[in-house]
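Examining the three-dimensional arrangement
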Amino acid sequence: AFIGVEQNQENIQEIKLKSKISFDSIYFNYDDKHDSLIENLSFEIKKDEWFCIFGPTGCGKSTLLDIIVGLIQPNSGKVKIDNIVLNTRNSELWHSKIAYVSQKIYLVNGTILENIAFGSSLNEIDNEKAKEALLQANFLQDVENFKDGLNTIVGEDGATLSGGQIQRLGLARALYLDRDVLILDEATSSLDNKTEKTI
């Protein structure tokens with residue numbers, strides 16, 4: 001006799017941020033030898049709200065961001081997107097709702113336009129949307145002053161751009177994606193206060 005066993009595949013519920021991201025009694029440590037890096041942390045981030053995380057080096061800021069994104073799971077407690085608990089099954093779906101700008105921006109040796117719409121083919125790129133993203137990132141005026149404009153080659157890792165221009169291009173890329181959540185991890189560290197305030 002042949003007995004076939006079929007595994008039920010659980011339907012993964014669509015995640016769409018409608019109201020808030022909730023943290024319910026989060027504990028996290030990297031191993032059992034040390035005290036918890038994050039201990040009994042509960043708070044909410046409401047939709048359309050700016051939320052700042054600050055503190056000294058090593059206090060757990062980057063770890064908390066990794067938990068928000070779903071890259072690591074807390075040892076205990078729950079992260080909820082509205083009423084959906086974030087876990088290993090649905091974290092990839094949640095990743096697709098997030099635009100993440102870190103301090104170190106990776107650029108390809110291509111045009112400004114290609115770097116904004118990274119991963120899209122040239123015929124799919126929306127130039128007007130790219131210009132709007134550059135405007136929001138306070139970088140459009142610089143780009144329009146470049147001889148080749150949007151078609152300016154940035155060089156390997158943005159060799160032809162300043163540190164501040166690279167960060168603003170990275171921000172424009174995230175804004176172009178138009179995702180539910182925008183995470184800025186020291187993403188304006190190379191900018192002067194006036195430019196940062198404008199953005």
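What comes next is a walk through the structure. (Residues numbered from 1 in each chain as written. Predicted model: local features only at pLDDT ≥ 70, side-chain atom pairs only at ≥ 80, totals over all residues. Heavy atoms only, no water.)

1. Here we look at the layout of surface pockets
- The volume enclosed by the largest pocket comes to roughly 1,300 Å³.
- Taken together, 39 residues make up the lining of the largest pocket; nearest its centre are Trp50, Phe51, Leu182, Ile183 and Leu184.
- Of all the secondary-structure elements, those providing two or more residues to the lining of the largest pocket are β2 (38-46), α1 (61-69), α6 (163-177) and β6 (181-184).
- Taken together, the residues of the lining of the largest pocket sort by class into 21 nonpolar, six polar and twelve charged. (1 Å grid on protein atoms, 1.4 Å probe; cavity = no way out; pocket = protein on both sides within 12 Å on 5 of 7 lines; lining within 4 Å. Points joined across faces, edges and corners; volume = space filled by probe spheres on them. Helix = DSSP H or I, 4+ residues; strand = E, 2+ residues; numbered from the N terminus. Nonpolar A, V, L, I, M, F, W, Y, C, P; charged D, E, K, R; others polar.)

2. A short note on unusual backbone geometry
- In this structure, Asp157 takes a positive phi of about 55 degrees despite not being glycine.
- The residue Asp157 is located in the loop between α5 (140-145) and α6 in this model.
- For Asp157, a relative accessible area of 37% translates into the label partly exposed.
- Positive phi, close to 50 degrees, is recorded for Glu186, a residue that is not glycine.
- In this structure, Glu186 sits in the loop between β6 and α7 (193-198). (Buried < 20%, exposed > 50% of the residue type's maximum accessible area, 1.4 Å probe, protein only.)

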